[in-house]
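Chain residues, written in single-letter form:
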Amino acid sequence: MNVIDALNSRYTCRAFKQDPVAQDTVIKILEAANRTPSWGNTQPWNLYVAAGELLEELRKGSLERFSQKVAGKTDLPVPQEWPEALKQRYITVGKERYELLSQELDKEAIIDTVQDRNYRFFDAPVVIFICMNRNLTAYSMFDLGALSQSMMLAAQEYGLDTAPAIMLVQYPDMIRQAMDIPEEEAIVLGIALGYGDSSSIHNQHRTARRPIHEVAKLKGF
Ligand SMILES: Cc1cc2nc3c(=O)[nH]c(=O)nc-3n(C[C@H](O)[C@H](O)[C@H](O)COP(=O)(O)O)c2cc1C
């Protein structure tokens, strides 16, 4: 798959098949993504990859906490409000998903299912937890973002789908303990990895982007 095709076809996969992902394939994806550039080649990322029984334990723990209404609290602060234009895009994507899901589910079931799918890590057979030292700045976070996209694009080369999700790291203490993540590292984001279930309604949504003439101002050509 060429890079442009990978960029255009990637989407957030919210329903995975149960098929496991071979460890070799995961390593190939991580090795390719590890070529991502970073400030001064500092490579601020540390990755903790969960699969098999260990991931099932985490999934169980996550669902239990969610059902007991344990409040999630990410290691890093989450945005409290968005500038108006971003807020509108956030609302739009939510509405689009709601309309799609309402073809199969009623209102309450949509809210339950959407939350439940997040807390069950979308049933993915692998979850990659992306971490970095808590004292680093936004520029290192930039490096983690670039690494994340590299992993998601590389995954497609192997026919795999991904879901980057903050909801995967709502219970960082549980993840930290299970994965032996040092206290000085923030658990920033989870990326679910596996073979997407293309028949699931949760995977039918494709999101739009702003027109490029609005995003980029080109001068001097
Ligand atoms: C940092 C980050 C956090 C996200 N968190 C979640 C999440 O918790 N749950 C979820 O379903 N999707 C999550 N997403 C996926 C976005 O909603 C998705 O990328 C966006 O709507 C664009 O859609 P696309 O990825 O299908 O192109 C997250 C994406 C990013 C980059």
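An account of the accompanying structure is given in this report.

Cut-offs applied
Residues numbered from 1 in each chain as written. Predicted model: local features only at pLDDT ≥ 70, side-chain atom pairs only at ≥ 80, totals over all residues. Heavy atoms only, no water. Near = heavy atom within 4 Å. Polar contact = N/O pair within 3.5 Å; in protein donor to acceptor, adjacent residues only side chain to side chain. Nonpolar A, V, L, I, M, F, W, Y, C, P; charged D, E, K, R; others polar. Phe/Tyr/Trp six-rings, centres within 6.5 Å; stacked < 30°, edge-to-face > 60°. Helix = DSSP H or I, 4+ residues; strand = E, 2+ residues; numbered from the N terminus. Buried < 20%, exposed > 50% of the residue type's maximum accessible area, 1.4 Å probe, protein only. Axes fitted to C-alpha atoms, helices over the stretch in contact; angles between N-to-C directions. Parallel < 35°, antiparallel > 145°, perpendicular 65-115°, else oblique. Left-handed = near helix turned anticlockwise from the far one by under 90°. Contact = heavy atoms within 4.5 Å. Pairing = 2+ DSSP bridges. Core = buried A, V, L, I, M, F, W, Y, C linked by side-chain atoms within 4.5 Å. Salt bridge = Lys/Arg side-chain N within 4 Å of Asp/Glu carboxyl O.

1. A short note on the site of the ligand
Surrounding the ligand, one finds 14 residues, the nearest of these being Thr12, Arg14, Asn118, Thr207 and Arg209. At 3.0 Å from an oxygen atom of the ligand is found a side-chain nitrogen or oxygen belonging to Arg10. In this structure, Thr12 approaches the ligand through a side-chain N or O atom, which is 2.5 Å from an oxygen atom. Class assignment for the residues of the shell around the ligand results in 8 nonpolar, 3 polar and 3 charged.

2. So, the packing of aromatic side chains
For any pair of aromatic rings, the description consists of the separation of the ring centres together with the inter-plane angle of the planes. Here the structure, examined in full by the defined rule, presents 4 aromatic pairs. Both rings, one in Trp39 and one in Tyr139, keep their centres 4.9 Å apart while their planes meet at 65 degrees; by these two values the pair is edge-to-face. Within this pair, whereas Trp39 is found in the loop between helix H2 (23-33) and strand S1 (46-51), its partner Tyr139 is found in helix H6 (residues 138-157), the two being separated by 100 residues in sequence. Looking at Trp39, the relative accessible area reads 55%, which means it is exposed. Aromatic pair Phe66 and Tyr119: ring centres 4.2 Å apart, planes at 15 degrees, arrangement stacked. Of the two residues, Phe66 is situated in helix H3 (residues 52-67) and Tyr119 in helix H5 (residues 107-119); the sequence distance between them amounts to 53 residues. Relative accessible area serves as the criterion here: at 8%, Tyr119 is assigned to the buried category. Taken together, Phe66, Tyr119 and Tyr171 form an aromatic cluster joined through their ring pairs.

3. Section: the packing of H2 against H6
Running from amino to carboxyl end, H2 crosses H6 at an angle of 135 degrees, the nearest separation of the two axes being 8 Å. Overall, the two elements H2 and H6 adopt an arrangement that is oblique. For H2 against H6, the interelement crossing comes out right-handed. Listed contacts from H6 to Ile29, Leu30, Ala32 and Ala33 of H2 are Leu147, Ser150, Met151, Ala154 and Ala155.

4. Structural notes on helix H7 (residues 172-179)
Three or more residues of H7 are buried, namely Pro172, Met174, Ile175, Arg176 and Met179. As for H7, its buried residues are in contact with S1, H3, strand S2 (126-133) and strand S4 (185-194). At the C-terminal side of H7, Asp180 shows a positive phi close to 55 degrees.

5. Concerning the sheet that holds strand S3 (residues 161-165)
A sheet is described by the order of its strands in space; here 4 strands give the open sequence S1-S2-S4-S3, paired in antiparallel fashion. Two strands in the sheet have a free side with no partner beyond their single neighbour: S1 and S3. The sheet shows a mean angle of 25 degrees between the axes of neighbouring strands, taken without regard to direction. Here 8 bridges tie S2 to S4, and the two strands are oriented antiparallel to one another. Residue pairing across strands places Val127 opposite Ala192, the latter belonging to S4. Strand contacts of H2: S1, S2 and S4, with the helix running at about 160 degrees to S1, the strand carrying the most contacts. Sheet strands in contact with H3 are S1 and S2, and its direction is about 90 degrees off that of S1.

6. Some points on the side chain of Arg59
Mapped onto the fold, Arg59 is located in helix H3. Accessibility expressed as a relative area gives 6% for Arg59, which makes it buried. What Arg59 contacts, discounting residues up to four positions off in sequence, is Tyr119, Arg120, Phe121, Asp123 and Ala124.

7. Some thoughts on the nonpolar core
Within the largest apolar cluster, 26 residues are counted, with the highest numbers of intra-cluster contacts made by Leu58, Phe129, Ile175 and Met179. For this core, the secondary-structure elements that each account for two or more residues are S1, H3, S2, S3, H7 and S4. Residues contacting Phe129, with those up to four places away along its chain left out, are Asn46, Leu47, Tyr48, Ala50, Leu58, Leu168, Val169, Ile175, Met179, Ile187, Leu189 and Gly190. The next biggest cluster of nonpolar side chains, apart from the first, holds 21 residues, and it includes Val21, Ile128, Met132 and Ala154.

8. A few points about the pattern of salt bridges
This model, assessed by the stated rule, comprises 10 salt bridges. Note that Arg120 and Asp116 form a salt bridge whose closest N and O atoms lie 2.8 Å from each other. For Arg120, a relative accessible area of 23% translates into the label partly exposed. Glu214 is paired through a salt bridge with Arg210; the nearest N and O atoms lie 3.0 Å apart. On the accessibility criterion, Glu214 (38% relative accessible area) is partly exposed. Classification of Arg210 as partly exposed rests on a relative accessible area of 36%.

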